[in-house]
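Fold and geometry: a report
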Amino acid sequence: MSGTGPSFTVKLAETEAELRAAQRLRYDVFVRELGGGGEMVDHDAGLEQDRFDPYFDHMLAIDDQTGETVGVYRLLPGERAADLGQFYSEDEYDVSVLKDSGRKLLELGRSCLHPDYRGGTAMYHLWNGLAAYVNARQIEVLFGVASFHGTDVQALEQPLSMLHHNHLAPPDLRVRAQPDVFQSMDLVGVDALDRRAAMVQVPALIKAYLRLGGFVGEGAFIDHAFNTTDVCLILDTARMNERQRRIYSGA
């Protein structure tokens, strides 16, 4: 790599080979690294895939020097979810408040980076690509599940409680974990919160949404198949201030 660092091409997958590259990276991260699984995971081919993949747009960050796909994002516009019959996250969260709002929605998911590219500029380029996608389609509200590694809720009581007390979505955006899987995030009282310790445990992707003015829905979902504890993130572009808009657009 040159002294100026790697350069990237960000694009939507257009071919079967590009989709497979995304699914291979997802397998490396979600299955090999994090211990996840799923009924359609192909261990022989090393592909993390599910029945929703054909309906999503798959945004890729490709290292221009190696040609390797090093970052992915999965995107589902609201009108396509209507064709599918549901958003992916509706198995975990009741998103009726968003669907009934009449606003243009985009569901995000399966975001991951190759380990060698974390902490660098690859995620920045993916975010720029996402901002362009949102602007072109006049998306108003972005949402999707994001994960903490592991399923031990007590080990996550500080960050989950901090999100609940400080970043809970307002009523018009407040999705809620489905009743049969609802895990309260109100585990530690406000007086017992250690915000600094809590933020250390918060994954970088969730921190990025919070910096942009994002919120969390009410309740978490324990995903034993993926070995994660999920929260639902919601970002209303109309509520972003100018500083947040500049960050989001890569200005």
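Residues numbered from 1 in each chain as written. Predicted model: local features only at pLDDT ≥ 70, side-chain atom pairs only at ≥ 80, totals over all residues. Heavy atoms only, no water.

Quick look at the packing of aromatic side chains
Defined as follows: Here is the rule: rings of Phe, Tyr and Trp (six-membered ring for Trp) pair when centre to centre is within 6.5 Å. Planes less than 30 degrees apart are stacked, more than 60 are edge-to-face, and the remainder are tilted. Here a helix means four or more residues in a row that DSSP labels H or I, a strand means two or more in a row labelled E, and each is numbered from the N terminus. Exposure categories follow from relative accessible area, calculated using a 1.4 Å probe and restricted to protein chains: below 20% of the type maximum is buried, above 50% is exposed, and the middle band is partly exposed.
With the rule as written, the count across this model stands at five aromatic pairs. A centroid spacing of 5.1 Å and a plane angle of 85° characterise the contact between Phe52 and Tyr88, whose relative ring orientation is edge-to-face. Of the two residues, Phe52 sits in the loop between helix H1 (16-33) and strand S2 (57-63) while Tyr88 sits in the loop between helix H2 (78-84) and strand S4 (93-94), which places them 36 residues apart along the sequence. Taken individually, Phe52 and Tyr88 each receive the classification buried, so the pair is uniform in this respect. Pairing Phe87 with Phe143 gives two aromatic rings, centres 5.0 Å apart and planes at 75°, and the pair type is edge-to-face. Taken together, the positions of Phe87 in the loop between H2 and S4 and Phe143 in strand S6 (residues 141-149) put the pair 56 residues apart, joining distant regions of the chain. Among the residues examined, Phe87 registers a relative accessible area of 3% and is labelled buried. Given the relative accessible area of 1%, Phe143 is considered buried.

As for the environment of Gly120
Considering the arrangement of structural elements, one finds Gly120 in the loop between strand S5 (105-113) and helix H4 (122-137). For the pair Gly120 and Pro6, spaced 114 residues apart in the sequence, the C-alpha separation amounts to 9.2 Å.

What to know about the side chain of His58
Formally: Each polar contact in these results corresponds to two N or O atoms within 3.5 Å; when the atoms are within protein, one needs to be able to donate a hydrogen and the other to accept it, and residues that are neighboring in sequence are counted only if both atoms are side-chain atoms.
Examined against the element boundaries, His58 turns out to sit in strand S2. Given a relative accessible area of 7%, His58 falls into the buried group. Here the side chain of His58 touches Asp53 through a polar contact of 2.9 Å, landing on its backbone oxygen.

Some details on the pairing of strand S3 (residues 69-77)
For clarity, the threshold we go by: DSSP-based pairing: two strands are paired if at least 2 bridges between them are found.
Summarising burial for S3: nine of the nine residues are buried, a large majority. Relative to S3, S2 runs antiparallel, the two sharing six bridges. Residue His58 lies in a different strand from S3, and its bridge partner there is Arg74. In this structure, the hairpin formed by S2 and S3 is closed by a connection of five residues, where Gly67 is found at a positive phi of approximately 75°.

Details of the pattern of salt bridges
Using the following cut-off: Whenever a carboxyl oxygen of Asp or Glu lies within 4 Å of a side-chain nitrogen of Lys or Arg, that contact is scored as a salt bridge.
Evaluation of the coordinates by the stated rule reveals 18 salt bridges. The closest approach of N and O atoms between Arg110 and Asp50, which form a salt bridge, is 3.1 Å. Of this pair, Arg110 sits in strand S5 while Asp50 sits in the loop between H1 and S2, and the two are 60 residues apart along the sequence. Overall, Asp50 belongs to the buried group, its relative accessible area being 12%. In this structure, Arg103 engages Asp236 in a salt bridge whose closest nitrogen and oxygen atoms are separated by 2.8 Å. Here Asp236 lies in strand S10 (residues 228-236) and Arg103 lies in the loop between helix H3 (96-99) and S5, a separation of 133 residues in the sequence. For Arg103, a relative accessible area of 24% puts it in the partly exposed group.

Digging into H1
What counts is decided by this rule: What a helix should span is 1.5 Å times the count of its residues minus one. Bend at a given residue is defined as the angle between two axes, one fitted to the seven residues that end at that position and one fitted to the seven that begin there. Note on contacts: a residue pair is in contact if any heavy atoms of the two residues lie within 4.5 Å.
In a regular helix each residue adds 1.5 Å, so 18 residues correspond to 26 Å; H1 covers 24 Å between its end C-alpha atoms and thus fits that length. The largest bend in H1 comes to about 30°, at Tyr27. Among the residues making up H1, those that are buried are Glu18, Leu19, Ala21, Ala22, Gln23, Leu25, Arg26, Tyr27, Val29, Phe30 and Val31. Of the surrounding elements, those touching the buried residues of H1 are strand S1 (8-12), S2, S3 and S5. The positive-phi residue at the C-terminal boundary of H1 is Gly35, with phi of around 80°.

Let's talk about the layout of surface pockets
Let me state the cut-off plainly: Points on a 1 Å grid, built from protein atoms alone, make a cavity when a 1.4 Å probe fits but cannot get out and make a pocket when they are open with protein on both sides within 12 Å along at least 5 of 7 lines; residues with an atom within 4 Å of a point are the lining residues. Grid points are joined across faces, edges and corners, and a volume is the space filled by probe spheres set on the points. Classification convention: Asp, Glu, Lys, Arg as charged; Ala, Val, Leu, Ile, Met, Phe, Trp, Tyr, Cys, Pro as nonpolar; all other residues, Gly among them, as polar.
Reported here for the largest pocket is a volume of approximately 1,200 Å³. In terms of lining residues, the largest pocket is bounded by 48 residues, among which Ser111, Cys112, Pro203, Ala204 and Leu205 are the most central. Of all elements in the fold, only H1, S5, H4, S6, helix H7 (204-211) and S10 reach the threshold of two or more residues within the lining of the largest pocket. Among the elements that take part in the lining of the largest pocket, S6 stands out by supplying eight residues, more than any other. Broken down by class, the residue content of the lining of the largest pocket amounts to 31 nonpolar, 10 polar and seven charged. Its volume calculated, the second largest pocket comes out at about 360 Å³. Along the walls of the second largest pocket sit 18 residues, with Gly38, Glu39, Asp50, Tyr88 and Arg110 positioned nearest its centre.

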